[in-house]
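Understanding the architecture of this molecule
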Amino acid sequence: MSGSASPSYRERNSTADRALDILMMFDDTQLVISGSAVAERLGVARSTAYRYLQSLVGSRFLEEAPGGGFRLGLRVLEIGRLARRSYGLSEVALPAMTELSDDVRETVLLTRRTGELVVCIDRAEARARAVRISYERGSTLPLNAGASALVLLAWIPQEEARRLLEAAELSRFTSATLTDVDTLMDRLSHIRRAGYSVTRGELDPDVTGVAAPIRDDQQKVVAAVSVAALSSRVFPEAEAELAQKVLTTAQKITDRLVAVGG
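Residues numbered from 1 in each chain as written. Predicted model: local features only at pLDDT ≥ 70, side-chain atom pairs only at ≥ 80, totals over all residues. Heavy atoms only, no water.

**Some words on the side chain of R187**
Turning to its location among the elements, R187 is positioned in helix α8 (residues 181-194). By relative accessible area, R187 is classed as buried at 17%. Contact partners of R187, with chain neighbours within four places excluded, come to L150, L178, V198, T199 and E202. (Helix = DSSP H or I, 4+ residues; strand = E, 2+ residues; numbered from the N terminus. Buried < 20%, exposed > 50% of the residue type's maximum accessible area, 1.4 Å probe, protein only. Contact = heavy atoms within 4.5 Å.)

**Regarding empty space enclosed by the protein**
Under the criterion given, the structure shown has one cavity of 30 Å³ or more. As for the largest cavity, its lining consists of 19 residues, of which Y135, G146, A147, L203 and G209 are closest to the centre. Elements with a minimum of two residues in the lining of the largest cavity: α6 (147-154), β7 (207-215) and β8 (221-230). When grouped by side-chain class, the residues that make up the lining of the largest cavity number 10 nonpolar, seven polar and two charged. (1 Å grid on protein atoms, 1.4 Å probe; cavity = no way out; pocket = protein on both sides within 12 Å on 5 of 7 lines; lining within 4 Å. Points joined across faces, edges and corners; volume = space filled by probe spheres on them. Nonpolar A, V, L, I, M, F, W, Y, C, P; charged D, E, K, R; others polar.)

**As for the packing of helix α5 (residues 89-104) against helix α9 (residues 239-261)**
Contact geometry for α5 and α9: axes closest at 9 Å, N-to-C directions at 160 degrees. Between α5 and α9, the interaxial angle falls into the category roughly antiparallel. Considering how the two elements wind past one another, α5 and α9 form a crossing that is right-handed. Every residue of α9 that contacts α5 at L89, E91, V92, A93, P95, A96, M97, E99, L100, D103 and V104 is listed here: L242, K245, V246, T249, K252, I253, R256, L257 and V260. For the contact of α5 with α9, the residue count by class is 13 nonpolar, one polar and six charged. (Axes fitted to C-alpha atoms, helices over the stretch in contact; angles between N-to-C directions. Parallel < 35°, antiparallel > 145°, perpendicular 65-115°, else oblique. Left-handed = near helix turned anticlockwise from the far one by under 90°.)

**Remarks on the environment of Q244**
Mapped onto the elements of the fold, Q244 is located in helix α9. Judged by relative accessible area, which is 46%, Q244 ranks as partly exposed. In sequence terms Q244 and V210 are 34 residues apart; their C-alpha atoms lie 9.7 Å from each other.

**Considering the confidence of the model for the protein chain**
Of all residues in the protein chain, 90% attain a pLDDT of 70 or more, and the chain-wide mean is 87. Here residues 1-12 is a poorly scored stretch, pLDDT under 50, and it has zero contacts once near neighbours within four places are set aside; other chains count. (pLDDT = per-residue confidence, 0-100.)

**Digging into the nonpolar core**
Y135, L143, L153, L165 and L188 are the most contacted members of the largest nonpolar core, which totals 31 residues. Of all elements in the fold, only β4 (117-124), α6, α7 (158-167), α8, β7 and β8 reach the threshold of two or more residues within this core. By residue number, the principal contributor to this core is α6, which donates seven residues. Not counting the four nearest positions on each side in its chain, L143 is found in contact with R113, G115, E116, V118, A149, L150, L153, L164, L165 and A168. Counting 26 residues, the second largest nonpolar core, distinct from the first, contains V92, V222, V227 and L242. (Core = buried A, V, L, I, M, F, W, Y, C linked by side-chain atoms within 4.5 Å.)

**So, the packing of α7 against α8**
Helix packing for two helices is described by the angle between their axes and how far apart those axes are. Between α7 and α8, whose axes approach to 10 Å, the crossing angle comes to 140 degrees. Taken as axis vectors, α7 and α8 run oblique relative to one another. Relative to α8, α7 is oriented so that their crossing is right-handed. Contacts between α7 and α8 involve Q158, A161, R162, L165 and E166 from the former and V181, D182, L184, M185, L188 and R192 from the latter. In the contact of α7 with α8, the residues fall into six nonpolar, one polar and four charged.

**What to know about the pairing of β7**
Counting buried positions along β7 yields eight of nine residues, so the element is predominantly enclosed. Here four bridges tie strand β6 (residues 197-200) to β7, and the two strands are oriented antiparallel to one another. Each bridged residue has a counterpart across the sheet, and for R200 the counterpart in β7 is T208. As consecutive antiparallel partners, β6 and β7 are separated by six residues, and within that stretch G201 has a phi angle of approximately 65 degrees, a positive value. As judged from the nine bridges shared by β7 and β8, these two strands associate in the antiparallel manner. Bridge pairing links A212 to V225 in β8. From the end of β7 to the start of β8, which pair antiparallel, there are five residues, and Q219 there has a positive phi angle of about 65 degrees. (Pairing = 2+ DSSP bridges.)

Quick look at the structure:
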């Protein structure tokens, strides 16, 4: 069946491939392309290159640049807008979260703050661990305990953070849980300086958390990614390495969030 259909299919596919090759020529350093550059890139005559270019202009994927040459057209912007609308934070974050979970073989959480609560909006589970730590999607965490909560507080204005902490019921979950507002504010300052948060047994007695902030295109912290692991599996000397991996993951998610957010 493929043999009878392949000639016309190959012809259509070849045209599509060449159009994509032209669009892929654009990058941060090349915002305008010339017909001669396209001809050279495709290995075709200049007249053939211009035929491809005019087809892309006709469909609004390209437009003629004021100073000569061709630039990306409005149809590309429209498609980008539609692509951004199709992505939610979980979809943006989950690939990097899964990669981190597979690497460190621990549970990875994605959290956001809603008023006085921190909400788990997604997770990536370690498949290889016999003992797992699970926080259900939609479950809430307190403001004063856990690495994610502290990260989400650390980068909001200090006055707002203090107001939230003073208004919240600061429960003590373990002997390590902080409930004094001044002590918590000092802790938030330390987290901002470090760039990440590490907690040991502050929410769950046997759990270590390492969290880092996720930012939007305005550099505002909008979420946190964290590793939650049994403390017996995270030796103190390994915390710095784990923190660096969480920071790298947070940056990957930030970069993708900025890309889809325009």
